[in-house]
Amino acid sequence: MTFPKISVDNVLRIFLAINQYPILSKRIRSRMRKDLYARGIITKENLDAETRKKGIESQVREGLHNPLEEEQADVWETRILRIRDSLTDFYYAYNLPYEEFENLVRQLLTEHGSPDTDFVWFNPELAPQEMLFEQAEMIEAMPPDERKKYEARLKELKVVLIRTIISDQLKYIKIARKWFTVGDLKEIRARKIGGGKVGGKAAGMLLAMRIIKETAPADVAQRFRLPVSYYLGSDVFYNFLTFNGLVHWNDQKYKTDEEMRADHPRLCADFQQGYFPAEIMESLERVLQDAGDRPLIVRSSSLLEDNFGTSFAGKYESIFLPNQGSHDQNYSALTHAITTIYASVLNPDALLYRHLKELADYDERIGILIQFVEGERSGKYYFPQAAGVAFSRNMYRWSPQIKQEDGFLRLVFGLGTRAVDMLGDDYPRLVALSHPRLHSSSDVRTIKRYSQQSADVIDLESNTFKSVPVCELLDADYPPLRFIAQVEEDGDLMPIRSRLAASEKMVVTFDGLLSRVPFASNMRTVLNLLETHYKSPVDTEFALEIIDPEGHPDVQITLLQCRPQSHIQDGVEVQIPADLKEEDIIFSSQMMVPQGSVHNIRYILFVPSEGYFSLATQAERTQLERAIGQLNSVLKDETFIAVGPGRWGTSTPDLGVHVTYSDIYNSRALVELAGEEVGASPEPSFGTHFFQDLMEADIYPLGVFLDDENTIFKRELFYDTPNRLNEFISVDNPRVINALRLISIVDYRRHHHLDLIMDAQKSYAVAFLVGEGDAEGADEDVVTGTSPSSLE
């Protein structure tokens, strides 16, 4: 064998010769360095120090003013590897004859093909990512028999890569290491901007798709895909704080609730004035170039988000960007969205949630997920044909035939925001995947009343996100119309068969989608697979497109998110007493009952509908919210439930009690009164971000439909007992006092407390009085209307 005769100096000769053997290049230089160390030409420490020094010098020549912080970690690693290789070539060429180099290469070529001699052992925790990828790819490319010897090493390399690129959560890593290939990890790194991890939301989405592709039947797997995504690494958050002098805000989590709330407006203003380093700006420019005029969504992806036991659902911002302005306008909107999400990391509700989960001391850096919005243009609007949230477990069964293990959907027309937000004036389609076409009511008027009325869309002409009536979007020329809506005819809901159907008579039911394409069965299959491999119930967010709706229809499902629901447990047994007396029952429900129980209830926080809807201004409603929050704090050592009209946590205060998680987290149940009397819907909050908070905190949401003739609701306990409110907090506004009552159970019946038992299998919940010790003569102890002092 002869080497090329190159009439240039030995450094260039060595460089060119090594490039003739790209597969062996790393091993050649590794062997060269060992020779240099062994012969005392240079020590490893000195070579590393010189490499680092020259790396910094090269950064300065390129105009980096703070080279240790301004450059992305992966760019720095590449720079260091190249400089180290150049220095290796230099020292070898100027200190050893070229024949030594030839002999070294000959030896490696002779050994090539034997992993035992080729394999270089190093500590992956300390090595650059490029070395990890190179060795992991080498192992994956080995013949099966040889690869077996290095499976443990491959697993170690993948764990380190997952931990440094995606997530350091141990439960996640334990699952992810089984599924991700080295190619998957390289693709993620290629789309990552800046240093750090991609965060929990991105991590869950990526892992779920890998599991689907590997385990689902081929016809199911091909219907699922991911949106085009870019990942702003979590280290960029800290760099942003440093560059803009905002590090002092990082101690917000150790301030009082009042201090956090008072500081937050100024904090947000400071973040909006911030800017990004040049290399981050350039990367964001490339994202915009790739997107063209497609709308974007900017989403939080914190290190703790979508993790086992801590979903952080709705705690941080997600922002839609229509992306229809000038380049400068689009870039400004993108950076504004990122800084808004950065500020939301330090919002009081998120910080309080971290305290409650005992995560306040955790380093909560946040990644950012930038995605192309799924959808299509229809007129001047852009939106998906359907979107929603899917659960592998159906926690609310409105019919005995529904199977909990087959899952549940909240399905909406348009953008998926209406599926996860609490909107008191609009309703998604609830789908039990065991019986997809089974509505929660058989009455057509009820189905129509509680159907979706508005859709969230992007207005491409006004460059805004907005909500519009569905009748403006559904017309006879809309191709997937028959899959989304039905028409009301003669008191019945019928498929749309004519272009003459009036849009005002159309009702969004998705019956066509659920019966004409394999959407429901595919979702059921995938949710079951994800739950199996996560070893935990899961929920996902998705968007979908109906392909060829007028020909051979099929469906394309885009997976947007997946997270474990580790708070949902099997086998929680409850027992409703068989000998309950009706006079002991305070309220009951047979409407979408969860499984669980609350014992020894001493207080009820009650919001009367009459008082609540009489509040004249938003300022008074805000006073009510703060009063509820104060009660929540002072009752932290008591067992209490909250009862009120409509939906707790709704974003529409006219149709329910507008509170946040931080206002009610000590309550054990939120009872939502529905019906004509209170002007509220029986549709539950199940599947919303607010619902996630309740379930994680073991707070049971329960609907009580007052119009149901089988419902029991003892008005005298709620209206005729003393209001203990001002014994615990000070409220001066009489209208707020009329809208908030604190009821002590002993004011209704002495020596008694309340138990709430909810049996999902029987679809029955009941709250009833229980005596303390010997309750003989309890019937004579009803003391409605008695003052607190008479009970002492």
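Not measured: the values here are computed from a predicted model.

What counts and what doesn't
Residues numbered from 1 in each chain as written. Predicted model: local features only at pLDDT ≥ 70, side-chain atom pairs only at ≥ 80, totals over all residues. Heavy atoms only, no water. Helix = DSSP H or I, 4+ residues; strand = E, 2+ residues; numbered from the N terminus. Buried < 20%, exposed > 50% of the residue type's maximum accessible area, 1.4 Å probe, protein only. Pairing = 2+ DSSP bridges. Axes fitted to C-alpha atoms, helices over the stretch in contact; angles between N-to-C directions. Parallel < 35°, antiparallel > 145°, perpendicular 65-115°, else oblique. Left-handed = near helix turned anticlockwise from the far one by under 90°. Contact = heavy atoms within 4.5 Å. Nonpolar A, V, L, I, M, F, W, Y, C, P; charged D, E, K, R; others polar. Expected span 1.5 Å × (residues − 1).

I keep staring at unusual backbone geometry and nothing clicks. Help me out?
With the exception of glycine, the majority of residues adopt a negative phi angle, and the majority of peptide bonds are in the trans configuration. The backbone of Lys535 sits at a positive phi, close to 55°, despite the residue not being glycine. Its place among the elements puts Lys535 in the loop between helix 25 (519-534) and strand 17 (538-547). A residue is classified by how much of its surface remains accessible, and Lys535, at 68% relative accessible area, is exposed. A positive phi angle is found at His751, which is not glycine, with a value near 65°. Tracing the backbone shows His751 in the loop between strand 25 (741-744) and strand 26 (752-759).

What exactly am I supposed to notice about the sheet that holds strand 8 (residues 381-383) here?
Within a sheet, adjacent strands bond to each other through the backbone by hydrogen bonds, running parallel or antiparallel. Ordered by their spatial adjacency, four strands build an open sheet running 7-8-12-13, and the pairing between neighbours is antiparallel. Each end of this open sheet is capped by a strand with a single partner; those strands are strand 7 (376-378) and strand 13 (464-469). Taken over all neighbouring pairs, the strand axes of this sheet differ in orientation by 45° on average, direction set aside. In the sheet, strand 8 pairs with strand 12 (residues 454-459) via two bridges, with the strands oriented antiparallel. When the sheet's bridge partners are listed, Tyr381 is paired in strand 12 with Asp459.

Got a minute to help me understand the packing of helix 2 (residues 25-38) against helix 5 (residues 73-95) in this structure?
Angle between the axes and distance between the axes: these two values describe a pair of packed helices. Remark: helix 2 packs on helix 5, axes separated minimally by 10 Å, with the N-to-C direction vectors making an angle of 55°. As far as their axial angle goes, helix 5 and helix 2 are oblique. When the axes of helix 2 and helix 5 are compared, the crossing they make is left-handed. Contacts between helix 2 and helix 5 involve Lys26, Arg29, Met32, Arg33, Asp35 and Leu36 from the first element and Leu81, Arg84, Asp85, Thr88, Asp89, Tyr91 and Tyr92 from the second. Split by residue class, the contact of helix 2 with helix 5 holds five nonpolar, one polar and seven charged.

Please clarify how helix 13 (residues 200-215) should be interpreted in this entry.
Three or four residues apart is the spacing at which side chains of an α-helix point the same way, because the helix has 3.6 residues per turn. Over its 16 residues, helix 13 runs 22 Å from end to end, which matches the ideal 22 Å to within 8%, given 1.5 Å per residue. Judged by how many residues are buried, helix 13 sits mostly within the fold: 13 of 16 residues are covered.

Can you walk me through the sheet that holds strand 25 in this structure?
Ordered in space as 24-23-22-21-25, the five strands form an open sheet in which the pairing is mixed. In the strand order of this sheet, the two ends are held by strand 24 (700-705) and strand 25, each with one partner. Across the sheet, the axes of successive neighbouring strands diverge by a mean angle of 20°, strand direction being ignored. Of the strand pairs in this sheet, strand 21 (residues 603-606) and strand 22 (residues 640-645) are connected by four bridges, and their pairing is parallel. Bridging across to strand 22, Tyr603 finds its partner in Phe640.

Looking at this model, I keep getting lost on the pairing of strand 18 (residues 554-564). Mind explaining?
Put simply, side chains in a regular strand alternate between the two faces of the sheet. Counting buried positions along strand 18 gives ten out of eleven residues, so the element sits mostly inside the fold. Alignment of strand 2 (residues 224-225) against strand 18, held across two bridges, turns out to be parallel. Of the residues in strand 18, the one forming a bridge with Phe224 is Ile557. In this sheet, strand 18 lies alongside strand 17 in antiparallel orientation, the contact comprising ten bridges. The residue of strand 18 that forms the bridge with Ile547 is Asp554. What sits between the antiparallel neighbours strand 17 and strand 18 is a turn of six residues, in which Asp548 has the positive phi angle 50°.

Honestly, that's just the spatial picture; any functional story needs more than this.
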